[in-house]
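Observations on chain architecture
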Amino acid sequence: MKNWAGNLEYASAEVRRPASVDELAGIVAGARRVKALGSRHSFNRVGDTDGVHVLLDALPQRIELSPDRTTVRVSGGVSYGELCRALEQSGAAIHNLASLPHISVAGAVQTGTHGSGVNNQSLAGAVQSIDLVRPSGEQVSLTRADGDEFLASVVGLGALGIVTGLELAVQPSFRMRQRVLEDLPWDQALASFRELVSSAYSVSLFTDYAGDSISQVWLKALDSEPPVDGLFGATAAVSPRHPLPDMSAENCTVQLDEPGQWLDRLPHFRHEFTPSKGEELQSEFILPLEHAPAAIEAVRGLADKLAPLLFVSEIRTGAADEFWLSPFYRQQSVALHFTWRPLQPEVEAVLPELEDLLRPFGARPHWGKLFSPAEHDWESLYPRFADFRSLASSHDPDGKFRNGLLDSILGVPAASAR
């Protein structure tokens, strides 16, 4: 069994598909090691185990809008595509989406996955409550009223329990427009970076860091926002674009400022297009927004090494949150995302140099993508990291939910692995 990108084969000894949460709890209670898998969109071994893998797709797939239409309860294995279609049918929406709508809600939230927008929190920002199965098989529900326990568990890397359900904040459905600008000069972009990334509800920049200009700027604007006619010397695309210039845009969401519903504009790719595999690798580093121009300029200095390995890099933004291990913890952020060609040895060779370059800017890696665990001082990056490590040891002293990657991140192996 492999992940979506095909770059790793999972190490589990057994795969189970429980049909109920009670059955899942029994599997967890009886396992020596156990981890849940969602859409398998992680590019590293954060979701791996040498014990039992549980797939949550056989659980009842619940999507229930609250009577007051302010929240939705959703099973952890539900994809954002399924959730969004159900919400839109009821006239509701969530605040933001990742570029692909096919990822599972639980997996995306647990790893701090996000969309873009200086005022838009990551996908975890919508979480109002979370349902977990603990190592003993105990089923617990945490809400914002639970304080630190809740704030530690939402972006929890699977270390505190298996997520079976979440309650998400929703809002009334809304309409958006999307347009693509091309050939934005780097000097003008960096000189007015905050203004640039604040010019629409959600903004993404696509580049390989080489040359004098950014190849594409995707602007996702609310229908009430005025259209952007030009931007710092860029020009408007006259036909739909794919983030990769040599690819057809047929599977991308509608552009050219044509109005449509939120779920058909916020992702980069259409809901009805289901990628069967991803022949690519991904890394991402999130750092304070005020450091964006200097950090990007530093990365441009590596363009000769990076560009041959890249399909494309996407630059996005995000609002601060309070989740202990969220890459956006207490900082409005810029995210430098790298979509690599499937050249893992070459990518892993350049990653330490890239991480070393970004370290002075306080860059936090995306938990579900490729990074070098030994290259990061986690306690300096995350003020509550020591508290999280203590909580993980308290809830899971035998390391039932642990694996090699989590041991390396948390800095000490679980008791049963020593």
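Here, the structure is the one placed above.
What comes next is a walk through the structure. (Residues numbered from 1 in each chain as written. Predicted model: local features only at pLDDT ≥ 70, side-chain atom pairs only at ≥ 80, totals over all residues. Heavy atoms only, no water.)

Thoughts on the pairing of strand β18 (residues 333–340)
Of all eight residues that make up β18, eight are buried, and the element is covered over most of its length. Residues Ser-333, Ala-335, His-337 and Thr-339 of β18 are buried on one face, and the alternating residues Val-334, Leu-336, Phe-338 and Trp-340, pointing to the opposite face, are buried as well. Pairing geometry for strand β16 (residues 281–288) and β18, over eight bridges, is antiparallel. In the strand pairing of β18, Phe-285 is matched with Leu-336. As judged from the eight bridges shared by strand β17 (residues 310–318) and β18, these two strands associate in the antiparallel manner. Paired with Ser-313 across the bridge in β18 is Phe-338. (Buried < 20%, exposed > 50% of the residue type's maximum accessible area, 1.4 Å probe, protein only. Helix = DSSP H or I, 4+ residues; strand = E, 2+ residues; numbered from the N terminus. Pairing = 2+ DSSP bridges.)

Some thoughts on helix α2 (residues 80–89)
Within α2 the residues assigned to the buried category are Tyr-80, Gly-81, Leu-83, Cys-84 and Leu-87. Down the axis of α2, the smallest arc covering the buried residues is 160 degrees, so these residues share one side. Of the surrounding secondary structure, the elements contacted by the buried residues of α2 are β4 (63–65), β5 (71–75), β6 (92–93), α3 (105–110) and β9 (162–169). Positive phi shows up at Gly-91, right after α2, with a value of about 75 degrees. (Arc of directions from axis to C-beta. Contact = heavy atoms within 4.5 Å.)

Quick look at the nonpolar core
Phe-193, Trp-262 and Trp-340 are the most contacted members of the largest nonpolar core, which totals 120 residues. If we ignore the near neighbours within four places in the chain, the residues touching Trp-340 are Glu-280, Leu-281, Gln-282, Ser-283, Leu-306, Leu-309, Leu-310, Phe-311, Val-347, Val-350, Leu-351 and Leu-354. (Core = buried A, V, L, I, M, F, W, Y, C linked by side-chain atoms within 4.5 Å.)

Observations concerning the sheet that holds strand β1 (residues 14–16)
The pairing of strands in a sheet comes from backbone hydrogen bonds and takes either a parallel or an antiparallel form. As summarised here, the arrangement of the three strands in space is β1-β3-β2, forming an open sheet in which the pairing is parallel. If you trace the sheet from one side to the other, it starts and ends with β1 and β2 (34–37), each paired once. The mean angle between the axes of side-by-side strands here comes to 25 degrees, regardless of whether they run parallel or antiparallel. Sheet topology places β2 next to strand β3 (residues 52–55); four bridges connect them, and they run parallel. Across the sheet, the residue bridging to Leu-37 is Leu-55, located in β3. Relative to the sheet, helix α1 (residues 21–30) contacts β1, β2 and β3, its axis offset from that of β3 by approximately 170 degrees. (Axes fitted to C-alpha atoms, helices over the stretch in contact; angles between N-to-C directions.)

Let's talk about the pattern of salt bridges
Here the structure, examined in full by the defined rule, presents 24 salt bridges. A salt bridge links Asp-50 to Arg-32, with the shortest nitrogen-to-oxygen separation between them at 3.5 Å. Here Asp-50 is found in the loop between β2 and β3, whereas its partner Arg-32 is found in the loop between α1 and β2, with 18 residues between them in sequence. The exposure class of Asp-50 is partly exposed, given its relative accessible area of 44%. When the shortest N-O distance is used, the salt bridge between Arg-330 and Glu-322 registers 2.9 Å. Look at Arg-330 and you get exposed, because its relative accessible area is 56%. Classification of Glu-322 by relative accessible area gives partly exposed; the value is 38%. The structure contains a network of salt bridges with shared partners spanning Arg-175, Arg-177, Arg-179, Asp-223 and Asp-257. (Salt bridge = Lys/Arg side-chain N within 4 Å of Asp/Glu carboxyl O.)

Some details on the environment of His-268
Position of His-268 among the secondary structure elements: in the loop between β15 (260–261) and β16. According to the relative accessible area criterion, His-268 is buried, its value standing at 5%. Through-space distance from the C-alpha of His-268 to that of Gly-115 is 9.9 Å; in sequence the pair is 153 residues apart. Polar contacts involving the side chain of His-268 include one to the side chain of Lys-220, which spans 3.3 Å. (Polar contact = N/O pair within 3.5 Å; in protein donor to acceptor, adjacent residues only side chain to side chain.)

Describing the side chain of Lys-35
Its location among the elements puts Lys-35 in strand β2. Despite its burial, Lys-35 pairs with no opposite charge; the closest candidate is Asp-396, at 7.5 Å N-O. In terms of polar contacts, Lys-35 uses its side chain to reach the backbone carbonyl oxygen of Phe-401, at 2.9 Å. (Lys, Arg positive; Asp, Glu negative; His and termini not counted.)

Remarks on the sheet that holds β9
The sheet built from five strands is open, its strands ordered β4-β5-β9-β7-β8 with antiparallel pairing. Every other strand in the sheet has two partners, leaving β4 and β8 (139–143) as the edge strands with one partner each. Across this sheet, the average inter-strand angle for adjacent strands is 15 degrees, counted without regard to direction. With three bridges joining them, β4 and β5 adopt antiparallel strand pairing. Looking at β5, one finds that Glu-64 is bridged to Arg-73. Across the sheet, α2 touches β4, β5 and β9, and the angle it forms with β4 is around 35 degrees.

Digging into the environment of His-376
By the element assignment, His-376 lies in the loop between β19 (364–365) and α10 (378–381). Along the primary structure His-376 and Gln-344 are separated by 32 residues, whereas in three dimensions their C-alpha atoms are 20 Å apart. Setting aside residues no more than four positions away along its own chain, His-376 makes contact with Phe-285, Glu-355, Ala-363, Pro-365, Phe-371 and Leu-381.

A closer look at the pairing of strand β11 (residues 175–185)
In terms of burial, β11 is largely enclosed, as nine of its 11 residues are buried. Across two bridges, β11 lies against β15 in antiparallel orientation. The residue of β15 that forms the bridge with Arg-175 is Gln-261. Summarising the sheet, β11 and strand β14 (residues 235–236) pair through two bridges and their orientation is antiparallel. The residue bridging Leu-181 from the neighbouring strand is Ala-236, located in β14.

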